[in-house]
Every structure is written in structure tokens, then in C-alpha cells.
Amino acid sequence: MCVSSVGNGYGAIVENLTVGNAKALALGNAVTADPPGIDSIHFNPAGLVRLDGRQMNLKLLVAAMQFEVDFGGHDSKTQQAIEDYGYEDEAAYASSETSTIGIKVPFTDGVKEWPLPFLVMPLGGASYSPPGSEVTYATAVYTPMAAGYIRDEDDPGRFMGEELSLVKITYFSPSFGFQLTDTLSVGASVGMSWQGAGVKLPLRVPNSVLIFADTLVNLFQSQGLCPGQDDPTPFLDLCGGSVGPYTEIFDLEVDAEAPLVWNLNIGALWEPTPWFTWGFVYQAESIGHLEGSYRLEYGDEWVNFFGDLRQSDAWNVINAVIPFPSGLQDSPAGIGVETGDVSMDVIMPAHFSTGVSVQMTPAWKVNFDVKWTDWGAWEGLELEFDKQLDFLKLASLLSPYAELETLTIPRNYESVWNWALGLEYQYNHNLAFRFGYEPRKTSIPDDKQDVLLPLGDAELFAFGFEYRFGVDQIIEAGVGYLHAEADVPAGSSTNSNSSDQLNNIIYNPYAGTDFSSQVQGLLFELSYTSSF
């Protein structure tokens, strides 16, 4: 199974944004042919050959993100159903907004609320090139992925994630760069990473199937068909409650991690003249097999309805043929509560980049990259549970995305090409200024946009500087601003607001509802490099 969620970086979707390299950020990540020091491990390992002797790098990543979603009204069919049956949709004409950072911390439970309005992460690495050697060795600690948020308990966006955090920390990355000829160098890196995911998800199912079921229950009750108290085992009892299309059915919490995930980067640099360099890097797909725990707490309507139905002869007949919800009134974890073990596979998709670096004048240098990331590998978030869940007993009868022990949240993203441009102005021997622009075409198609990752086409604007102290000390800084927008008319996305009542049953919480989204991010990265 595969998970689509938050990968090498958010926007295209999020490649390179959280690696924490000031030079790469300032140049709009157009550094494949101009690799950034020790972080060449990630951007192009062949660039390690440019490091002499023993080098160390200390860096600081500071990031803040804001997610906004504005919900509108419904399409005519959904609005008519709401009016005819007297329902109320709390998301209609409401707004969702959060800048609260949620983070999955290694070897701790759950998603933690970050105490600051911005994320701060210290990182670093070291390299060594033996005297007279054509090889440079290096390792670094960096974050290919670090993203997450927490929404308020009454936020209308919570039905596609009240809490979400996806983190990957590469803690050991043995790497080398080798000077193959006077003009050609190659390199490779093997990464060893910790990877974690945390999700809290309230679920509702605004679908005509539940409108029909709710109407049937109301009719059963209004006709006085409820069994008397002197009938402990009636043939049919539908009087315990009712699960409607805007009922919050349950809260699902998932917490999982993997202590060791492997990845491989390979790259090359070709420098035929002092003023022109070509480079490429390939980052192979990696899969983290995450294991952890889940907690599923059902609402009172579910517990009471199926709990009373279970006492009837009809439930016994149905359950003898197929597993059917029981309401969990006698659950050992508590009334309406299921707990246990869960597993999922999180894919970090393959990434390819190639680019050139051209010294236009003694002062001006231009970098240009084109990139491709295989986000098409993100088909869906599949959760594998250790037992048959009460909800899945019903869902497996209605949706191809549910089985008795498996729930899939479909994503179906696409692989796209993007480009990036960087400019560097060498003011004097010690000081250089950098500017970058990266239009990040989203890998989330228009018909797959959602509120879980509300990311339309994005633009990254960046600038920074480098200052050299003597010959072996460098201070670098980079500042970036990311902006993304998406407009999702009612019924246009199968991942969030589809009006297709037959094929979108389980994970379509804003059925027939307009919404638009906006994401803003501010990044600051600072690094210090010196010999030791």
C-alpha cells in the first residue's frame, strides 16, 4: 500500500523546502549544477568534490506556515436535499484557518503542538577530503520532510484533518564525491532516516445513502414501531438513534513511525569550461514501513443505533451472513472505543533534476534547473488495522476503498515537471547576494484538490547572501516566501467535494460544497561553514 501525504518538501508538493540549506533556498532551489557545500549530499552528491580538507556545517531552519480554507454554498442537488430533510451543514459559508504547528516527535506518542508560532530545527554535517585524494567523504543531518498542523476542535476543516504531521529526519548519510576526470565528477549518498506520521481525523459521510437510512429510521420511529421494554429481543430495533449525513461518526487517531528508512541519491557534474557547469541528480524512491497504534472513538449516535439494533433478531440474521456493526457498547477499551495496532507504507517518490550554472560576467551567475518528481506514486493513504473495525464492517459493503481491516483514503496525484531560476551577484571577494524564483506547479490535479493538503499551484520567491570570513569561514542566509492558491467548485474534486453519490461514499466530507484554499509559508535558513 502507499501513502500520499507530505514528501521531499509542500507546493510541487513540498520538495526541498525543509532541507534547511540557505544557499539552495536563496537561489530558488536551482542548485543542481551549483551544489551547496555539504548539503550536496541531498542536492547533488557530485558537488562534494568541491570541498577541501575537513569541513563542518551548522545550520538553522526556521519555518512558519498558514493554511486557510473558505467554504461556500452547495450545488443545487445538495442544497435541495438539505432543505427537504432539514439538515444543517456546519461547513457551509464558514472559514478554516490555522498556523498552529503540529509535529510528530521521534519515539513519542501523538502529534505535539509546537510551543512557538514557527518551527525551529538545528541541523548540520561534516566532510573530509584526504590530502591528494580525488574523493570527498561526507555525512549530514537534514529533514527531507517536516510538516504538520493542528486545527481547532470546531474548525470546519477538521473533517479532512484536525491534526496532521509527516516528518522524515535523515540522521546518517554516508556519501562521497569522486573526481572522475578533470571535467567530470560523480557522487552518491545513502541515507538512513527516521520517519513518522500522526493523524487525527473526525469523519462524517454526507451521502444520499445515509439520507435514506436516516429517513427510514425516522419513519420507523414515527410510526410507533419501537419495541416495548418488555421485549428484550425484538425482531427489529431502529430506535437507538440515527446516523445522518452530517453526523460526526467517529474520531480516528493514528500514530506510527519507522526507525530506519533507506534512500539513495546519485549525481554528476560536468565542467567543460570555467564559466559553464551542467549537473544532474536522481533521488530514488524510498518506502517507509510505519507501525504504531490507533484509537477509534465513535459518536453516541453510532453507539446507540447499532447497539440497540444488535439486540434484535434481525441483527443476528445479518451478522450470520456478513460481519455487521455492533455499536461496541461492551468494548473492553470503553463504550464505542476501538484500539489496536496499525501499519502504513509512506512513499517518498523518486525525484530527478538537471540544470546548468553559467557565469555570465565576473559578477553575475545564472542557475537554471528543470525537475520531475513522481508524485503519481501517491495513490492513496492505506491504513491496515489489526482487527475488523466496526465502521469498516459497514463501509466495506458500500465502498471499494474499505475492507474489513483496511481503510484507503484515495489521493491519485500526478507526476509533473517544474523549473527554477537563481541569480547570484558577487559584490566583492567576500560578499555575494542571491535571488531565486521557483514556480511550483502542484502535483495535485484539479479534480483531486482537498483540505488535507490544500495546495494549488505555488510560487516561491527568495533572496539571501553569502559572506566569507578569511578563506575558511562562511556565513549564509536565505529567506523565502511561498504562496499557493486553489479554487474548487462544488462537485469538482473526487477527493473532497464530489457530487457522485455512488462512487464517493467514505472520504468525501464536503460533498457538493464550494471551497477555495490559500497557503502561505515563510522560511528562514542560516548556516555557518568552516574548516576544522
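Since we're looking at a predicted model, the values are computed, not measured.

Next up on the list: the overall build of the chain. In terms of helices and strands, the chain carries seven helices and 23 strands. Since a compact globule built from 532 residues should have a radius of gyration of about 24 Å, the 27 Å found for the chain is in line with a globular shape. Taken along its principal axes, the extent of the C-alpha atoms in the chain is 95 × 40 × 35 Å. Going through the 532 residues of the chain one by one, you find that 57% of them count as buried. By element, 58% of the accessible surface of the chain is carried by carbon and sulfur atoms, the whole surface being about 21300 Å². When the 24 positive and 69 negative side-chain charges of the chain are each reduced to one mean point, those points stand 9 Å apart.

To continue, consider the state of the cysteines. Scanning the entire structure with this criterion turns up one disulfide. A sulfur-sulfur separation of 1.9 Å characterises the disulfide bridge that pairs C226 with C239. Disulfide C226-C239: torsion about the S-S bond near -95°, hence left-handed. Taken as a pair, C226 in the loop between α4 (208–222) and β10 (250–273) and C239 in the loop between α4 and β10 lie far apart in primary sequence, 13 residues in all. Under the relative-accessibility criterion, C226 is labelled partly exposed at 36%.

In this section: the confidence of the model for the chain. Close inspection of predicted coordinates is inappropriate in any region flagged by low pLDDT. When pLDDT is averaged along the chain, the result is 92, and 96% of the positions lie at 70 or above. Counted against residues more than four places away or in other chains, residues 1–13, with its pLDDT under 50, gives 84 contacts.

Our focus in this paragraph is a nonpolar patch on the surface. Together, M360, W364, Y427, F433, F435, F463, F465, Y467 and F469 make up a nonpolar patch on the protein surface, roughly 910 Å² of accessible area in all. Mapped onto the nonpolar patch, the elements with two or more residues apiece are β20 (431–440) and β21 (458–469). Among the elements that make up the nonpolar patch, the one with the highest residue count is β21 (four residues). Residue position: F435 is located in strand β20.

A word on the packing of aromatic side chains. Under the counting rule described, the total for this entry stands at 27 aromatic pairs. Ring centres of Y298 and W302 lie 5.4 Å apart, and the angle between their planes is 25°; on these two criteria the pair is classed as stacked. Taking relative accessible area as the criterion, Y298 reaches 5% and is therefore assigned buried. A relative accessible area of 3% means that W302 is categorised as buried.

What follows covers the environment of P131. Within the fold, P131 resides in the loop between β5 (119–129) and β6 (135–150). As for P131 and L309, which are separated by 178 residues in sequence, their C-alpha atoms are 79 Å apart.

Moving on, we come to the pairing of strand β15 (residues 364–373). On β15, burial follows the alternation: K365, N367, D369, K371 and T373 on one face are buried, whereas W364, V366, F368, V370 and W372 on the facing-out side are not. Pairing geometry for strand β14 (residues 351–359) and β15, over nine bridges, is antiparallel. Following the sheet pairing, F352 is matched in β15 by W372. Between β14 and β15, which pair antiparallel one after the other, the connecting turn spans four residues. In this structure, β15 lies alongside strand β19 (residues 416–426), joined through ten bridges in antiparallel fashion. Bridging across to β19, W364 finds its partner in Y425.

The next subject is the layout of surface pockets. Taken as a whole, the largest pocket spans an internal volume of roughly 790 Å³. What lines the largest pocket is a set of 36 residues, and nearest its centre among them are K23, P35, R50, E466 and R468. Within the residue set of the lining of the largest pocket, elements represented by two or more residues are β1 (53–74), β11 (276–283), β14, β19, β21, β22 (473–488) and β23 (513–531). With three residues, the top contributor of residues to the lining of the largest pocket is β14. A volume near 550 Å³ is recorded for the second largest pocket. Lining the second largest pocket are 27 residues, and of these L210, A213, F305, F306 and L394 lie nearest its centre. Elements with a contribution of two residues or more to the lining of the second largest pocket: α4, α5 (300–310), α6 (313–321) and α7 (390–398). Ranked by residues supplied to the lining of the second largest pocket, first place goes to α4 with seven residues. Of the residues belonging to the lining of the second largest pocket, the class tally is 24 nonpolar, two polar and one charged.

Take the nonpolar core next. Core analysis: the largest hydrophobic core is formed by 79 residues, its most contacted members being Y298, M344, F385 and F391. The dominant element in this core, judged by the number of residues it contributes, is β10, at six residues. Those residues in contact with F385 that sit more than four places away from it in its chain are L252, Y294, D341, V342, L392, E405, T406 and L407. The next biggest cluster of nonpolar side chains, apart from the first, holds twelve residues, and it includes I38, L51, A138 and Y142.

What follows concerns a negative patch on the surface. The grouping of E414, D446, D447, D457 and E459 at the surface amounts to a negative patch. Looking at the element boundaries, D447 is found in the loop between β20 and β21. Residue class for D447 comes out partly exposed when judged on its relative accessible area of 34%.

Reading the values: the criteria
Residues numbered from 1 in each chain as written. Predicted model: local features only at pLDDT ≥ 70, side-chain atom pairs only at ≥ 80, totals over all residues. Heavy atoms only, no water. Helix = DSSP H or I, 4+ residues; strand = E, 2+ residues; numbered from the N terminus. Rg over C-alpha atoms; globule rule 2.2 N^0.38 Å. Buried < 20%, exposed > 50% of the residue type's maximum accessible area, 1.4 Å probe, protein only. Areas by Shrake-Rupley, 256 points an atom, 1.4 Å probe, with all protein chains shown as cover. Lys, Arg positive; Asp, Glu negative; His and termini not counted. Charge placed at Lys NZ, Arg CZ, Asp CG, Glu CD. Disulfide = S-S within 2.5 Å. pLDDT = per-residue confidence, 0-100. Contact = heavy atoms within 4.5 Å. Patch = residues over 30% accessible without salt bridge, like charges linked within 9 Å, V, L, I, M, F, W, Y side chains within 5 Å. Salt bridge = Lys/Arg side-chain N within 4 Å of Asp/Glu carboxyl O. Phe/Tyr/Trp six-rings, centres within 6.5 Å; stacked < 30°, edge-to-face > 60°. Pairing = 2+ DSSP bridges. 1 Å grid on protein atoms, 1.4 Å probe; cavity = no way out; pocket = protein on both sides within 12 Å on 5 of 7 lines; lining within 4 Å. Points joined across faces, edges and corners; volume = space filled by probe spheres on them. Nonpolar A, V, L, I, M, F, W, Y, C, P; charged D, E, K, R; others polar. Core = buried A, V, L, I, M, F, W, Y, C linked by side-chain atoms within 4.5 Å.

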